Amino acid sequence: MKRINNRFLNKSVSILVSLMLLITLVVPLIVSIDSQAMTPRVMLSEYSLSADEIYPGDSFTINFKLKNTSKNQIMNLKCTVSSDNGEFIPVDSTGSIYVAEIKGEEEVELSMDLTAIKKLSEKSYKLTIKTEYEDWNGKYNASDVIYIPVKLKTEVLISETYIAEEEIRLGDNIEIVSTINNIGGADIYKVQAKCSGDNIADANCYVGNIASGKQGNIDIITKATAVSTKSTYDNLIDITYEDIDGNEYKERVYLGNEGRIEVLEQDYSDIIKVKEDTSTGMTNNFKLLIVLGCVVVLVLFFVIKRFIKRRRLEKEFD
């Protein structure tokens, strides 16, 4: 009987030790999981910008949501929005927002007005949203980073278009000269010009890339295809170019007097006159040759006649 009781006691002790070991392993894990669930964690859950495109000097609004992902309520939240080198400046504020509390697993929507400084390049700039907050157990902080793309404006100025020929007749070549000035902040790419119209032939000119503040030259040779018979014509140059993202832009310039180029009938009077003059010149030359030929023949005749007469006299004297 005593031996049975000892076995039972040993078995009970063994089970008790196993349970205690299991509790020792499981309880910290449960506490850790629960502690993690209860620890406040504020995160940026969503954001949007008031402008589709932001250029240097523009003002815009950033709207964003902060979510308390824990079950604990947080209090005295301070949210600071800043850029690394002051690329974005808060408008009428210090760049900080205060929130009294955010309940567990809830979110709050905030916004801030910013201005992009004027001396920015065309690239994305980092904007940091930093939060500092507390609960009954302590103080915490977190930060999220977003990137704001800044673009530069494309703008060109076309100088006065010049047509080299003062008088244009049907079939004549026409040289069109102009200049594209890139007065925008961004480089422009694949610049090309195409002329077309009611009484000129289509022609193209590839200019290439033009850096900001630089210029490119247009030099197009086209041809007059029809005589001007009406008061209005659409003769023009279309200039196309792209920005760094491949977006295409177009500028249109009308030629001549609001698109009208005066094309005259071809004048053949000078050709006829030249032909007549050439014909007259040939006749006079021919006459001169005949006269010269006659003189030469007469001279030869008299020389030969005198020579024969002299030979005859010499024979008679002998």
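The structure under discussion appears in the preceding block.
Now for a description of the structure that goes with this document. (Residues numbered from 1 in each chain as written. Predicted model: local features only at pLDDT ≥ 70, side-chain atom pairs only at ≥ 80, totals over all residues. Heavy atoms only, no water.)

A regular strand places its side chains so that they alternate between the two faces of the sheet. Pairing of strand S1 (residues 42–49) with strand S2 (residues 59–68) involves seven bridges; the strand directions are antiparallel. If you follow Tyr47 over to S2, its bridge partner there is Phe64. Examined bridge by bridge, S2 and strand S6 (residues 107–116) share nine bridges and lie antiparallel to one another. Residue pairing across strands places Lys65 opposite Glu109, the latter belonging to S6. (Pairing = 2+ DSSP bridges. Helix = DSSP H or I, 4+ residues; strand = E, 2+ residues; numbered from the N terminus.)

Attention shifts here to the sheet that holds strand S7 (residues 124–135). The strand order across the open sheet built from four strands is S5-S3-S7-S8, with neighbouring strands paired in antiparallel fashion. Looking along the sheet, the strands with just one partner apiece sit at the ends: strand S5 (96–102) and strand S8 (138–149). Strand-to-strand twist of the sheet, defined as the mean angle between neighbouring strand axes without regard to direction, takes the value 20°. Across seven bridges, strand S3 (residues 74–83) lies against S7 in antiparallel orientation. (Axes fitted to C-alpha atoms, helices over the stretch in contact; angles between N-to-C directions.)

Here we take up the pairing of strand S17 (residues 248–254). Here strand S16 (residues 236–242) runs beside S17; their pairing, made up of seven bridges, is antiparallel. By the bridge assignment, Tyr241 is partnered in S17 with Tyr249. Taken together, S16 and the strand that follows it, S17, pair antiparallel across an intervening segment of five residues, in which Gly246 is found at a positive phi of about 90°.

We now examine the nonpolar core. Residues Phe64, Leu66, Leu77 and Phe88 are the most contacted members of the largest nonpolar core, which totals 28 residues. Elements supplying a minimum of two residues to this core: S1, S2, S3, S5, S6, S7 and S8. Among the elements that take part in this core, S6 stands out by supplying five residues, more than any other. Val156, Ala203, Ile210 and Ile237 belong to the second largest nonpolar core, which has 25 residues in total. (Core = buried A, V, L, I, M, F, W, Y, C linked by side-chain atoms within 4.5 Å. Buried < 20%, exposed > 50% of the residue type's maximum accessible area, 1.4 Å probe, protein only.)

Let us now look at the side chain of Asn68. Considering the arrangement of structural elements, one finds Asn68 in strand S2. Those residues in contact with Asn68 that lie beyond four places of it in its chain are Pro40, Arg41, Gln73, Ile74, Ile102, Lys103, Gly104, Glu105 and Glu106. (Contact = heavy atoms within 4.5 Å.)

For the structure shown, the criterion picks out 10 salt bridges. Across the pair Arg169 and Glu167 runs a salt bridge, and its minimum N-O distance is 3.2 Å. You can call Glu167 partly exposed: its relative accessible area is 49%. Among the salt bridges present, the one from Arg260 reaches Glu262, with a minimum N-O distance of 2.3 Å. Through salt bridges with shared partners, one network takes in Glu53, Lys151, Asp243 and Asp245. (Salt bridge = Lys/Arg side-chain N within 4 Å of Asp/Glu carboxyl O.)

Right, let's get into the packing of aromatic side chains. Throughout the structure, instances matching the rule amount to four aromatic pairs. A centroid spacing of 5.8 Å and a plane angle of 25° characterise the contact between Tyr133 and Tyr140, whose relative ring orientation is stacked. You can call Tyr133 buried: its relative accessible area is 5%. On the accessibility criterion, Tyr140 (23% relative accessible area) is partly exposed. Site record: aromatic cluster; members linked through ring pairs are Phe60, Phe88 and Tyr125. The side chain of Lys230 reaches across the aromatic face of Tyr233, ending 5.0 Å from its centre. (Phe/Tyr/Trp six-rings, centres within 6.5 Å; stacked < 30°, edge-to-face > 60°. Lys NZ or Arg CZ within 6 Å of the ring centre and 35° of its normal.)

Let's shift gears to the sheet that holds S1. By way of backbone hydrogen bonds, the strands of a sheet pair with one another, either parallel or antiparallel. In spatial order, the strands read S1-S2-S6-S4; together these four strands make up an open sheet with antiparallel pairing. Single-partner strands in this sheet number two, and they are S1 and strand S4 (88–90). Across the sheet, the axes of successive neighbouring strands diverge by a mean angle of 40°, strand direction being ignored.

With that out of the way, let us pick up the environment of Asn68. The exposure class of Asn68 is buried, given its relative accessible area of 0%. The spatial distance from the C-alpha of Asn68 to the C-alpha of Leu44 is 9.2 Å, given a sequence separation of 24 residues. A distance of 2.7 Å separates a polar side-chain atom of Asn68 from the backbone oxygen of Asn72. Here Ile102 takes part through its backbone oxygen, which lies 3.2 Å from a polar atom of the side chain of Asn68. (Polar contact = N/O pair within 3.5 Å; in protein donor to acceptor, adjacent residues only side chain to side chain.)

Right, let's get into unusual backbone geometry. Phi at Asn76 takes a positive value of approximately 50°, unusual for a residue other than glycine. Residue position: Asn76 is located in strand S3. A positive phi angle, close to 50°, is found at Lys190, a residue other than glycine. Topologically, Lys190 is positioned in strand S13 (residues 188–196). Classification of Lys190 by relative accessible area gives partly exposed; the value is 47%.

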